[in-house]
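Residue-level listing of the chains:
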Amino acid sequence: MTDSSNDNLSNFHQLLDRPLPRWASVAITSRIAKRFADAYVNDVHEPAGSRIAVRNAVALAEQAALRGGDGDVSDAFEIDGEYFDNYDIQALAMALGGYAQAASKTHTDLSLDEHSEPSFRRGWSAIALTLIALRCAFPDIVSEAGAQTMREAVDWSVKAESATEHSIFAELTRAHELARHNSWSDKSPVVPADLGALWPNGRPDGWPSPRLTFRPRARIIRTIGDRLISGPEAAVIELVKNSYDADARSVRITLIPPLKAGAGEIVFSDDGHGMAFSDIRDKWMEPATSDKRTRSTSPGGRKLLGSKGIGRFAAARLGSHLRLISVASNSEGANQREFERTTISDLDWEQFEEAKYLDTVSFAYRNELTDEPPGTRLYITHLRDEWTEASINKLHDELRRLVSPVNAEDGQFEIHLDLSNCTVQNCGFDGFTILGVQPDLIDGVRIDPWKVRPFPVLDASDYVVDGIFDESGIFEGTMTIQRAGGDPIPISLRVPLGEGQEPCGIVVVRLSIFDREAETIRSTAQKAGFGHLGIREARKLLDKIAGIAIYRAGFRVRPYGDAENDWLTLDAKRVQNPTLKIGRNQVAGTVIVDDEESSSLVERSSREGLEENGSFRRLQSLLLTLLSEEIEPRRRKFRISAGIDRRPQANIREVIDTAQHAWADALLSKMPSPERQEAEKVIARETDRLSDHVKELEERQAKLEAQVTLGLIVGEVMHQGNTPLTFIENESARLRRQLPTLFDDSKESQEDRDDLPKIYNGLNANAASLRTLFNALSPLSGANRGKPQDFPISRVVSNIKLFFRSRMDTMGLIFEVDPEVEACIAHGYEADLTTALTNLVDNSLHWLGHRQVAAPRIVLSPAPSVTGKLAFVFEDNGPGVSPEFEDQLFDVGFSTRTNGTGLGLSIAREAMFRSNGDLTLVPADKGAKFQLIIARADR
């Protein structure tokens, strides 16, 4: 301690002896207590009641100093939404006295001395100092023999923790300065914070650090309920799921007019096990309770749908007032068959907007024994939305999609949407008419017309896919082409785990796929039991039920399956390839996934979809791969064979053959000789003109295909060129920095000059690397092709290896080229062979990587020669080509890759044609195998 500080401390008692205005003394006393109270209130080992009492008492003393005046408590003090009048202050002082007495006995029992645990001293001091501060602030209210003084608080504080003497001295000095400067009287209010920092010299060693805690505002309930949940339909579904989790056999949703905002009523009634009072108090009234997360099944054995602990607040989204009545078994009674009824007569959600903190909001309840059966009823009034005919239809459609059609008829859980109270007069629509139901007897048995049933169209489709993906991504199932009346076709598929993906458990798949030609779609609607519909109505119906929905525990996970939700991006893929790809409005699918723990498919807190994590990406990959590799090509094959789709014209050769007008010979032979000669001249002239146009188109197509191939490898090219370019940039910048001092007579400059040969060699080597890359790209540059030239096969192969080097290295792929092939000289266009091999290699790399083939390999070997031609075989050890799709392999638009364009192999074959060659698929025991033929150079 410095001499200066010692001098200041020597004046400490003199300052204490000098009088201060009343509220300045109270302010200092409250701050003395606050230092200890801050540590005490954050100590979770201390009793919660005493910690709250200490916090409130210090706050009251501070507010009294802020208020000033004569100390009359005519207006209550407010602390965090809680009000304190004279009686409350008296009760608080009595409570603190009891806590102080208990703390004193504890310390006596522990033989409190200077060696005792600091936390014990601080705890006792916190309570004692807080009580002193309260008595100083309210001497007329807190009944004591004599009012305690600031001097007593100072003595206690310094004795408990000597380091507080510095802080108190600073506060006293500041208080006297302010009192003199502002001419304070005994009624002048004082702001405690104006006395300076609470710990101007820092906290004492070992003193607890200050802590911050979250204290939820009351309006968080409104955020969870009517703001986090997207719309009224979502809120209804959340409450329906709660009934299911309560083991209800059925839930009835009754709408009572007028269905206007601020009026009307929605009643939810179920026959589940209900909630006992303890459940309502400890679980229902606890936001984000972990109850459903810690137990995965209901008492009746159902897998629970909810786990976030927020679904009940969906009631706040529907209306501003709620009446809750729940009947449940009274487990505390001697008779286990006794039931208790708990009623919350009016839960006003608007109170959560008005109140400050969540723990200050309360609601009256009534609990009593009853002989009613168990169940829960929610009466939601003062609706937030107007329920129109359109919104009712939307809700009905949502409820029809909610229960999985796979197990909708098992009778274990029924949903009833009761619109019996709705008429044209009170709602603008008739409840029976809007849902197309009748309350009449059906087959002699009265059936509830309000039972929600799933869409029945699923069994009336053109193609059906059924199967299961296991945890490792192996699919076993069938595809049935119902339009052809065929038997189920077995399908086996393995989808390896891709980059950025995580397992997603077992996935059950059922897809009903539709063709949308006019007669077909009308026939489908008729088979589904909708009668004779017009084409427009039939398409509207299909649009309504289309989409691939995700179900868990028998219930749909929203919004998957909604018309506007294309979570597999099917429509975007169909735009690129409409002949092959299946759009979202062509499939009604059911995908059943495991619970969150087994699948890692986690529902968002908003209950609007799944988190897009690695498991969700895996689920997308499984379905897209199933569609692209198996379903879509099989469907296309059937449609072509049935004459529904036309196979695209294969290549330019067919166009040239057509241009030759060979068909005209038969026609000309029947014409008289004079007319025939003239007709032959006209046809010959037009044939030449058409052939010239076709050749121009062929030249243009060659340039476009070269550019497409260049685009295919642009990522590889950028990767290959980035390293030398970075070296050149870095060394150029280095030379630029060194140049001003490069020839100075210094040690550093000499070292820089010594590095020049290394820099030169590096620049030269990297420039050569870029030049090699550019030369390799030259055949694909799109320049005028000119005449066919001789070129070595080895150069093309070297360029291809350069393009794909990084991918090959990453995969550990071996590209083996027979020396006999490398020695060959071809005649034609180097760009054509480059284009063909680029597309073949890209395809092989994709499938070898996609199927995660061990020891991947590509081999280029000679084949039996053809007169005047070179023939060699390109093959890999990948999954190969399914025999079922061999005839479509070179068709424009055909691809079994998930994001394939269907252009690669068509471009490759067309390129070989232009160099007077060919590209064909040849049989192979394993992998894909192609034969390439190109003209041989004259020797």
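Small disclaimer: the values here were computed from a predicted structure and weren't measured.

Enquirer: Any chance you could explain helix α8 (residues 164-182) here in plain terms?
Expert: Residues spaced three or four apart along an α-helix face the same direction, because each turn holds 3.6 residues. Taking 1.5 Å of rise per residue, 19 residues should cover 27 Å, and α8 covers 27 Å from first to last C-alpha, within 8% of that figure. For α8, the set of buried residues is T164, S167, I168, F169, E171, L172, A175, H176, L178 and A179. Just downstream of α8 lies S183, where phi reads positive at about 55°.

Enquirer: Just to check I follow, could you spell out the pattern of salt bridges for this structure?
Expert: Note on pairing: side chains with opposite charge can pair once their charged atoms come close. Here the structure, examined in full by the defined rule, presents 42 salt bridges. For D385, the salt bridge identified is with R317, shortest N-O distance 2.7 Å. Residue D385 is found in the loop between β8 (375-383) and α15 (389-402), and its partner R317 is found in helix α13 (residues 314-318); the two are separated by 68 residues along the sequence. On the basis of relative accessible area, R317 is assigned to the buried category, the value being 11%. The salt bridge partner of R639 is D515, with a shortest N-O separation of 3.0 Å.

Enquirer: Help me understand the sheet that holds strand β23 (residues 869-876), please; the structure alone is not making it clear to me.
Expert: Spatial ordering of the open sheet is given by β20-β22-β23-β25-β24, a layout of five strands whose pairing is mixed. Of all strands in the sheet, those bounded by a partner on one side alone are β20 (814-817) and β24 (918-921). Along the sheet, successive strands turn relative to each other by an average axial angle of 15°, direction set aside. The sheet contact formed by β20 and strand β22 (residues 857-862) spans four bridges and is parallel. Paired with I814 across the two strands is R857, which belongs to β22. Contacting β20, β22 and β23, helix α29 (residues 793-803) runs over the sheet at an angle of about 180° to β20. Sitting on the sheet, helix α33 (residues 904-914) is in contact with β24 and β25 (929-935), with an inclination near 140° to β24.

Enquirer: Any chance you could explain the sheet that holds strand β4 (residues 265-270) here in plain terms?
Expert: Two strands in a sheet stick together by hydrogen bonds in their backbones, pointing the same way (parallel) or opposite ways (antiparallel). Ordered in space as β7-β6-β5-β8-β4-β3-β9, the seven strands form an open sheet in which the pairing is mixed. Edge strands, defined here as strands with exactly one partner in the open sheet, are β7 (366-370) and β9 (414-418). On average, adjacent strands in this sheet sit at an angle of 15° to one another, irrespective of strand direction. Bridge count between strand β3 (residues 250-256) and β4: six bridges; the pairing is antiparallel. Its bridge partner being in β4, V251 is matched across the sheet by D270. Across the face of the sheet, α15 comes into contact with β3 and β9 while running at roughly 170° to β9.

Enquirer: How do you make sense of the nonpolar core when you look at a structure like this?
Expert: One recurring pattern in soluble globular proteins is that nonpolar side chains are buried together. Residues I28, L60, I89, L96, L134, F138 and L172 are the most contacted members of the largest nonpolar core, which totals 62 residues. Every element with two or more residues in this core is listed here: α2 (12-17), α3 (22-41), α4 (48-67), β1 (77-79), α5 (86-109), α6 (118-137), α7 (150-160) and α8. In contact with I89, not counting residues within four places along its chain, are L60, V73, F77, F84, L134, F138, I141 and V142. Counting residues in hydrophobic clusters, the runner-up holds 53 residues, among them L322, I392, L395 and I415.

Enquirer: Please clarify how the packing of α3 against α4 should be interpreted in this entry.
Expert: To characterise two packed helices, one gives the angle between the axes of the helices and the distance between these axes. The N-to-C vectors of α3 and α4 enclose an angle of 155°; their axes lie 9 Å apart at closest approach. Considering their axes alone, α3 and α4 lie roughly antiparallel with respect to each other. Crossing angle aside, the handedness with which α3 passes α4 is left-handed. Of α4, the residues touching α3 (which contributes W23, V26, A27, S30, A33, K34, A37, Y40 and V41) are S50, R51, V54, R55, V58, A61, E62, A64 and A65. Among the residues making up the contact of α3 with α4, the classes are represented as twelve nonpolar, two polar and four charged.

Enquirer: Teacher, can you tell me more about the side chain of N565 here?
Expert: The residue N565 is located in the loop between β17 (555-556) and α20 (570-576) in this model. For N565, a relative accessible area of 19% corresponds to the buried category. The residues contacting N565, other than those within four sequence positions of it, are P559, Y560 and R584.

Enquirer: Looking at this structure, I do not really get the packing of aromatic side chains. What am I missing?
Expert: How two aromatic rings sit relative to each other is set out by the distance from centre to centre and by the angle between their planes. If you walk through the whole model with that rule in mind, you get 16 aromatic pairs. Plain terms: the ring middles of F277 and Y365 are 4.6 Å apart, the flat faces sit at 25° to each other, and that makes the pair stacked. Of this pair, F277 sits in helix α11 (residues 277-284) while Y365 sits in the loop between α14 (351-354) and β7, and the two are 88 residues apart along the sequence. Note on Y560 and F616: the rings are 5.9 Å apart at their centroids and 35° apart in plane angle, and the pair reads as tilted. Linking Y560 in the loop between β17 and α20 with F616 in helix α22 (residues 614-641), this pair joins segments that are 56 residues apart in sequence. Accessibility classification places Y560 together with F616 in one group, the buried group. Taken together, the ring pairs in this structure connect F36, W199 and W207 into an aromatic cluster. The ring of Y379 has R323 lying over it, and the distance from NZ or CZ to the ring centre is 4.1 Å.

Enquirer: Can you help me understand unusual backbone geometry in this one?
Expert: Among all residues save glycine, negative phi is the norm, and among peptide bonds the norm is trans. Residue P257 is joined to P258 through a cis peptide bond whose omega torsion reads 0°. Looking at the secondary structure, you find P258 in the loop between β3 and β4. Cis peptide bonds are those with omega within 30 degrees of zero, and the linkage from R558 to P559 qualifies with 5°. Relative to the elements of secondary structure, P559 occurs in the loop between β17 and α20. Residues other than glycine seldom take positive phi values, yet Q852 does so here, at roughly 50°. Owing to a relative accessible area of 44%, Q852 belongs among the partly exposed residues under this scheme.

Enquirer: Can you help me understand α22 in this one?
Expert: Given a rise of 1.5 Å per residue, 28 residues ought to cover 40 Å, and the 40 Å separating the end C-alpha atoms of α22 matches this to within 8%. Along α22, the sharpest kink reaches roughly 40°, centred on L627. Along α22, 24 of the 28 residues are buried, which leaves the element largely enclosed by surrounding structure. Sitting at the head of α22, N613 places a side-chain oxygen 3.2 Å from the backbone nitrogen of S615.

Enquirer: So what exactly am I meant to see when it comes to the side chain of R516 here?
Expert: With respect to the helices and strands, the residue R516 is situated in the loop between β15 (507-513) and α18 (518-530). Its relative accessible area of 18% is what places R516 among the buried residues. Of the polar contacts made by the side chain of R516, one reaches the backbone oxygen of N585; its length is 2.8 Å. When near neighbours in sequence (up to four residues on either side) are disregarded, R516 contacts I521, R539, L542, D543, N585 and Q586.

Enquirer: Would you take a moment to explain a nonpolar patch on the surface for this structure?
Expert: A surface patch of nonpolar side chains, about 200 Å² in accessible area, is lined by I468, I506 and V508. One can find I506 in the loop between β14 (489-494) and β15.

Definitions and cut-offs
Each chain carries its own residue numbering, running from 1 in the written order of its sequence. Thresholds applied to this predicted model are a pLDDT of at least 70 for local features of residues and 80 or more for the giving and counting of side-chain atom pairs; totals over whole chains, interfaces and linings are not thresholded and use all residues. The side-chain quantities take in all heavy atoms of the structure and omit both hydrogens and water. Per the convention used, a helix needs a DSSP run of H or I reaching at least four residues, while a strand needs a run of E reaching at least two, with both numbered from the N terminus. The length a helix should cover is 1.5 Å for every residue beyond the first. Throughout this description, buried means an accessible area under 20% of the type-specific maximum (1.4 Å probe, protein chains only), exposed means over 50%, and partly exposed covers the range between. Salt bridges are counted wherever a side-chain nitrogen of Lys or Arg sits within 4 Å of a carboxyl oxygen of Asp or Glu. Should DSSP find at least two bridges between two strands, the strands are taken to pair. Axes here mean lines fitted to C-alpha atoms, for a helix over just the part in contact, with angles spanning 0 to 180 degrees between N-to-C directions. Residue contacts are counted whenever heavy atoms from the two residues lie within 4.5 Å of one another. By convention a nonpolar core is built from buried Ala, Val, Leu, Ile, Met, Phe, Trp, Tyr and Cys residues, the set being connected through side-chain atoms within 4.5 Å. Under this scheme an angle from 65 to 115 degrees is roughly perpendicular, one under 35 degrees roughly parallel, and one over 145 degrees roughly antiparallel; angles in between are oblique. For any helix crossing, the convention is left-handed if the near helix is rotated counterclockwise from the far helix by under a right angle, and right-handed if that rotation is clockwise. By the convention adopted, Pro, Cys, Tyr, Trp, Phe, Met, Ile, Leu, Val and Ala count as nonpolar, Lys, Arg, Asp and Glu as charged, and the other residues, Gly among them, as polar. Think of it this way: a Phe, Tyr or Trp ring, Trp meaning its six-membered ring, pairs with another when their centres are within 6.5 Å, and the plane angle makes it stacked under 30 degrees, edge-to-face over 60, tilted otherwise. Note on geometry: a ring has a charge over it if NZ (lysine) or CZ (arginine) is within 6 Å of the ring centre and within 35 degrees of the ring normal. Here the bend at each residue means the angle between axes fitted to two seven-residue stretches, the one ending at that residue and the one beginning there. Counted as a polar contact is a pair of N or O atoms within 3.5 Å, where, for protein atoms, one must be capable of donating a hydrogen and the other of accepting one, and residues adjacent in sequence contribute only when both atoms are in side chains. Candidates for patches are residues over 30% relative accessible area with no salt bridge; among them, like charges are joined within 9 Å and nonpolar side chains (Val, Leu, Ile, Met, Phe, Trp, Tyr) within 5 Å. In short, Shrake-Rupley with a 1.4 Å probe defines the accessible areas, and a residue's cover is counted only from the protein chains shown.

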